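Residue-level listing of the chains:
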Amino acid sequence: MRYHSHIVTSLLLGATAAAQTPLSFTVSYTAGIVVGSLIPDIDEPTSYVGRRSFGVSNKVKEAFGHRGMTHSLVMWGIIALVISWESSSLFAVGFALGYLFHILEDFFSVQGVPLFWPFISKRFKIPLYRTGNIVEKALFSAALVLLIYLGIKEQLFSEWWRSLALFW
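It should be emphasised that the depicted structure is a prediction, and the values quoted were computed from it without experimental measurement.

A. Just the UniProt feature "transmembrane region" (unreviewed entry) in the protein, in detail. This chain's UniProt record puts "transmembrane region" (unreviewed entry) on residues 73-101 and 134-152. Annotated as 90% helix and 0% strand, the span residues 73-101 places its first and last C-alpha atoms 11 Å apart. The span residues 134-152 is 100% helical and 0% strand by assignment, and the distance between its end C-alpha atoms comes to 27 Å.

B. Summary view of the environment of A18. Within the secondary structure, A18 sits in helix α1 (residues 3-20). In this structure A18 touches L23, F25, Y29 and L156, once residues within four positions along its chain are discounted.

C. Just the nonpolar core, in detail. Formed by 15 residues in total, the largest nonpolar core has its most connected members in A15, F25, Y29 and L156. Broken down by secondary-structure element, the contributors of at least two residues to this core are α1, α2 (27-38) and α6 (134-153). Excluding anything up to four places from it in sequence, F25 contacts L11, G14, A15, A18, T30, L156, F157, E159 and W160. Counting 11 residues, the second-largest nonpolar core is a separate cluster that includes I83, F95, I103 and V113.

Definitions and limits used
Residues numbered from 1 in each chain as written. Predicted model: local features only at pLDDT ≥ 70, side-chain atom pairs only at ≥ 80, totals over all residues. Heavy atoms only, no water. UniProt positions renumbered as here; feature names shortened; annotations may be inferred. Helix = DSSP H or I, 4+ residues; strand = E, 2+ residues; numbered from the N terminus. Contact = heavy atoms within 4.5 Å. Core = buried A, V, L, I, M, F, W, Y, C linked by side-chain atoms within 4.5 Å. Buried < 20%, exposed > 50% of the residue type's maximum accessible area, 1.4 Å probe, protein only.

Now the structure itself:
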């Protein structure tokens with residue numbers, strides 16, 4: 001998926017989680033989702049985050065390849081555990097969820113993801129789309145419409161704006 005698709009679909013999933021749980025749809029939570037949804041692609045130098053990584057992306061790709069370590073549920077679990085030890089902030093929760101959502105979204109690509117790396121390097125997938133194709137574009141559009149609908153219906157956008165006012 002392209003970065004904008006990861007952001008919008010992850011925000012939709014995060015909004016759904018906030019609407020169904022006590023999680024607050026705040027600036028901090030959504031910022032965590034956005035950052036978390038982009039970080040797994042640190043293993044691709046041409047990705048949005050890779051181009052801004054000051055060379056870190058090249059080293060990660062050289063060591064583990066694209067959609068290797070950073071797209072593993074094992075790695076996500078370690079990151080989520082460390083984050084939860086360090087912080088219980090909404091940003092941290094959003095980051096962990098955004099990271100997980102990225103892996104889930106790439107699970108539906110034709111490339112798949114190595115869910116259980118380093119124990120199993122096999123890529124698991126339900127191949128629904130290829131990065132950049134018409135199906136991904138349709139998923140992006142549908143996610144954007146649903147995000148707007150859910151944000152209005154569940155008053156999540158109001159909650160977000162209130163949190164922004166408190167943030168300043």
